[in-house]
Amino acid sequence: MIFGRYPSRDKQDKAIAVSAKKFRSAVGSDTSNGLFGNMALYSRVSGSVGLITLQNPPVNALSAVVRQSLIDLMDRALSEPEVKSVVICGQNGKFCGGADIKEFRSDMTGPPLVPMIDRLELSSKPVVAAIEGVALGGGLELALGCHYRVAHSKTRLGLPEVTLGLLPGAGGTQRLPRLVGIPAALELITTGRHVTAAEALQLGLVDFVTDHNTIEAAVKLALSVAGKSLDSRRISTCKCPRPPYADALFEEAMQRVRRSARGAIAPVACVQAVHAAATLPFARGMEQEKQLMATLFTSGQARALQYQFFAQRAVSRWSTPSGARWDTSKPRPVHKVAVIGLGTMGRGITVALAQAGLSVVAVETHEKQLMEAKRVVSGMLERGAKRLGAPPALDKINYSCEIQAVADVDLVIEAVFEDMVVKKTVFRQLSAICKPGTFLFTNTSGLDIDELAAQTRNPELVVGMHFFAPAHVMKLLEVVYGRRSSSQAVATAMKIGKNMDKISVAVGNCSGFVGNRMLRPYLDQAFFLLEEGATPELVDQALEEFGFAMGVFRMSDLSGLDIGWKVRKAKEMVSKTHQDCRYSPLGDLLCERGRFGQKTGRGWYQYDKPGGRVAKPDPWLHSFLEKYRAQRGFVARRIDHQEVLERCLYALINEGFRILEDRIASGPEDIDVIYVLGYSWPRHRGGPMFYAQMVGLSRILEKLEYYHQLHLDIPSLQPCSLLRKLVANGRPPIHKWVEVIKNPHSHL
Ligand SMILES: CCCCCCCCCCCCCC(=O)CC(=O)SCCNC(=O)CCNC(=O)[C@H](O)C(C)(C)COP(=O)(O)OP(=O)(O)OC[C@H]1O[C@@H](n2cnc3c(N)ncnc32)[C@H](O)[C@@H]1OP(=O)(O)O
Ligand SMILES: NC(=O)C1=CN([C@@H]2O[C@H](COP(=O)(O)OP(=O)(O)OC[C@H]3O[C@@H](n4cnc5c(N)ncnc54)[C@H](O)[C@@H]3O)[C@@H](O)[C@H]2O)C=CC1
């Protein structure tokens, strides 16, 4: 997938593990034979071992040239009488990150992977995989074609194809169950989970694990197995162990993936392929794998998931309309951070910072809140540490009720109430107390960053750092630059996000930023649909069938109706008369009756008790809606799923186009990453802007025009001019939209 972004830096990780080069010089290898092709290196070590090193930075992906080189070099090793065994490794401490995903959208030239791995397995000389760093996807399938596998203890192994909308189509679905058994293979292939070397050893996926020089260990093994029979080492010839409860296992796995995949087809195909391994001879299983792969490979879901893969990496190459950029802006080192306000968000942020190894000063207003926060934060850290088998970072945090305690920190993250007056006071205090140069970041979910910056002596140090709840779990961070934010402040926020293992997206300052701004028209449409005759159940069912984990009303019950109510009251939307544009007070009316959702046991649904989790349709709510419609002159009509999706999703997408037009997001991939990671937009649909491309921009435009004509009092349904322009420009593919945005006269 190509993006209108800057190319990434060459990320060769020179520090990783033990390189093949080092080993070759240590054992005095014969490299006189030099390079074969330009993506793999051949040399002879210890006299009789042919060493093939994959060379395709940054992850030694199996591009066409690499595959060809591997075939040529294997032929060479087999033809040299002095060579008795072969070791395959990867350059720079990375065995192989799998097939080259970029090739999937091209013509896929070059030798195919499946016969290449089959030939490798058939080799008369033993082949040992020396696995360092990663062995993922096609990389692990290559290793499964080898006769032995030696891994470094820090290696991660896995078959993550399902996360790209595919299955391990180079024999992985057939060899893995034969090697590790059906239960483990099903779990690994349907989830795409990476395993550590220790777990791989336990599963029987690798034969040896070393803490030392992997290639040395592999060569030693290669020397010791030279000339021995390979009959039992060719996985394809082994019978797949089939436990007596296998049928139940497959049934359970199928139910699990159907439940959790929410319409994604790859996990289902993965179960079917492993089933083939369990029931068919290898060759027929491979046929089945091929057929299933062909269906997945050409599906829109695979395209969407691969787009997300690259989009999540592309967002790190940020830029702003004023010209600040990721590659010309240097972050400042940060060692000590303060968090102000230890409520829901402040606690999670404190945990994320401490887990990233930063010293934290955590500040609350009163001793009671402080102690409660300390108890909760410590519990979160302890549970996290237990999962990782590491000590909890409790000593990283100092708690205080005195805001003066932040005087010497490098950076502050403010997470007090979402109230401009309160936040302004805090920013004035911080500006007076903190040492010069301290970055002042805010976790506001939509207030004006410039207004907060204006309270400080150095507005260039102020940036929004919008976390998502729970802050120590959710991967997404919106980094919001204001009019005067310095590029160094933005770069520092992006860097801190990376240190916390977040995916950060730099966005401009506007009400609600990207995510919450797009949510507004989506929520409005859901309310309007209730007014026109829908029920919360109908709307939620349509959205859940589309792939959302939860429909809008179930989600609203979970997060609390009062949160939106407070925001609407603060914006004086509740008390205002709305003459020009339609406003639904339904949410406000529920809140006025104390129906805040799960926490009060009543909301858009009913629950068995306050805090209950199981949403049931509520007859009270239905009759309330009927009375409401009667009083306000709405005539209930039949609303179908298609209308729900078109009204809710197209209104949200339309706002996305406005955001692009306003240059709040620098490209559609920013929006799509935010929606997939922050708002549970179904990943296999790529994100709202990718989905718009899949549906067709003309259709979105046509439908918005249609609904806007029916509802002239809903401005968010009026198609945005960028959408019109893109359609007028011949509906360019998504990676070309930025050209149209940047050049208003573009005809591409
Ligand atoms: C009618 C048609 C019929 C068709 C039939 C089709 C038959 C086709 C048969 C093909 C059979 C092939 C089956 C197969 O083998 C499938 C695969 O192998 S799919 C790939 C599986 N591998 C992965 O999913 C791994 C993806 N990568 C990662 O998870 C991480 O990158 C990794 C853990 C390796 C490293 O992480 P990190 O150090 O954090 O670096 P980055 O993630 O930032 O990556 C750095 C850089 O590298 C790019 N990259 C990574 N992996 C790949 C890859 N496999 N291919 C291409 N490029 C890759 C990544 O995008 C980054 O570059 P950017 O420029 O920043 O984007
Ligand atoms: N709750 C959510 O899901 C999300 C909230 N946010 C934003 O994060 C911020 C905090 O939200 P929540 O954690 O939900 O609020 P909260 O109400 O749970 O916590 C706010 C905390 O700040 C403390 N506080 C208030 N004034 C203070 C001061 N002057 N000094 C120190 N502490 C002070 C309060 O005692 C309280 O514990 C808000 O700006 C909100 O919009 C952002 C993303 C998601």
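Refer to the structure presented above.
Rules behind the numbers
- Residues numbered from 1 in each chain as written.
- Chains lettered and ligands numbered in written order.
- Predicted model: local features only at pLDDT ≥ 70, side-chain atom pairs only at ≥ 80, totals over all residues.
- Heavy atoms only, no water.
- Helix = DSSP H or I, 4+ residues; strand = E, 2+ residues; numbered from the N terminus.
- Rg over C-alpha atoms; globule rule 2.2 N^0.38 Å.
- Buried < 20%, exposed > 50% of the residue type's maximum accessible area, 1.4 Å probe, protein only.
- Contact = heavy atoms within 4.5 Å.
- Areas by Shrake-Rupley, 256 points an atom, 1.4 Å probe, with all protein chains shown as cover.
- Phe/Tyr/Trp six-rings, centres within 6.5 Å; stacked < 30°, edge-to-face > 60°.
- Lys NZ or Arg CZ within 6 Å of the ring centre and 35° of its normal.
- Near = heavy atom within 4 Å.
- Nonpolar A, V, L, I, M, F, W, Y, C, P; charged D, E, K, R; others polar.
- Polar contact = N/O pair within 3.5 Å; in protein donor to acceptor, adjacent residues only side chain to side chain.
- Pairing = 2+ DSSP bridges.
- Axes fitted to C-alpha atoms, helices over the stretch in contact; angles between N-to-C directions.

1. Thoughts on the overall build of the protein
Then comes step 1: In terms of helices and strands, the protein carries 29 helices and 18 strands.
Then comes step 2: By the compact-globule yardstick of 27 Å for 748 residues, the protein fits well, its C-alpha radius of gyration being 29 Å.
Then comes step 3: With the C-alpha coordinates of the protein rotated into their principal frame, the extents come out at 90 × 60 × 60 Å.
Then comes step 4: Counting only residues that meet the buried cut, the protein has 56% of its 748 residues in that class.
Then comes step 5: Put simply, 72% of the contacts in the protein that link residues at least 6 apart link residues at least 24 apart.
Then comes step 6: About 31,700 Å² of surface is accessible on the protein, with carbon and sulfur atoms providing 54% of the total.

2. Some remarks on the packing of aromatic side chains
Then comes step 1: Per the stated rule, a full pass over the model turns up 21 aromatic pairs.
Then comes step 2: Relative to Phe-310, the ring of Phe-309 lies with its centre 5.0 Å away and its plane at 85°, an arrangement referred to as edge-to-face.
Then comes step 3: The rings of Tyr-522, Phe-546, Phe-548, Trp-681 and Tyr-691 are connected pair by pair, giving a single aromatic cluster.
Then comes step 4: The aromatic ring of Trp-565 is capped on one face by Lys-569, whose charged end is 3.5 Å from the ring centroid.
Then comes step 5: Here the basic side chain of Arg-685 rests over the ring of Phe-546, its NZ or CZ set 4.1 Å away from the ring centre.

3. Describing the site of ligand 1
Then comes step 1: The environment of ligand 1 is formed by 27 residues, the closest being Gly-97, Ala-99, Ile-101, Gly-138 and Arg-313.
Then comes step 2: Those elements that provide at least two residues to the shell around ligand 1 are α4 (138-145) and α12 (300-314).
Then comes step 3: Counting residues per element, the shell around ligand 1 draws most heavily on α12, which supplies 3 residues.
Then comes step 4: Residues of the shell around ligand 1, tallied by class, amount to 13 nonpolar, 6 polar and 8 charged.

4. Points about the site of ligand 2
Then comes step 1: As a structural note, the neighbourhood of ligand 2 is formed by 21 residues, with Met-345, Glu-364, Glu-418, Lys-423 and Ser-445 the closest of them.
Then comes step 2: The backbone of Thr-344 places a nitrogen or oxygen atom 3.0 Å from an oxygen atom of ligand 2.
Then comes step 3: One of the backbone N or O atoms of Met-345 is found 2.8 Å from an oxygen atom in ligand 2.
Then comes step 4: Computed on the free molecule, ligand 2 has an accessible area of 840 Å², of which 78% lies beneath the protein chains in the complex.
Then comes step 5: Of all the secondary-structure elements, those providing two or more residues to the shell around ligand 2 are α13 (344-355), α15 (420-433) and β16 (462-467).

5. Some words on the sheet that holds strand β8 (residues 156-158)
Then comes step 1: Taken in spatial order, the 3 strands of this open sheet run β6-β8-β9, and their pairing is mixed. Unpaired on one side and paired on the other, β6 (134-136) and β9 (195-196) mark the two borders of the sheet.
Then comes step 2: Pairing between β8 and β9: 2 bridges, direction antiparallel. If you follow Arg-156 over to β9, its bridge partner there is Thr-196.
Then comes step 3: Across the sheet, α4 is in contact with β6 and β8; its angle to β6 comes to roughly 90°.

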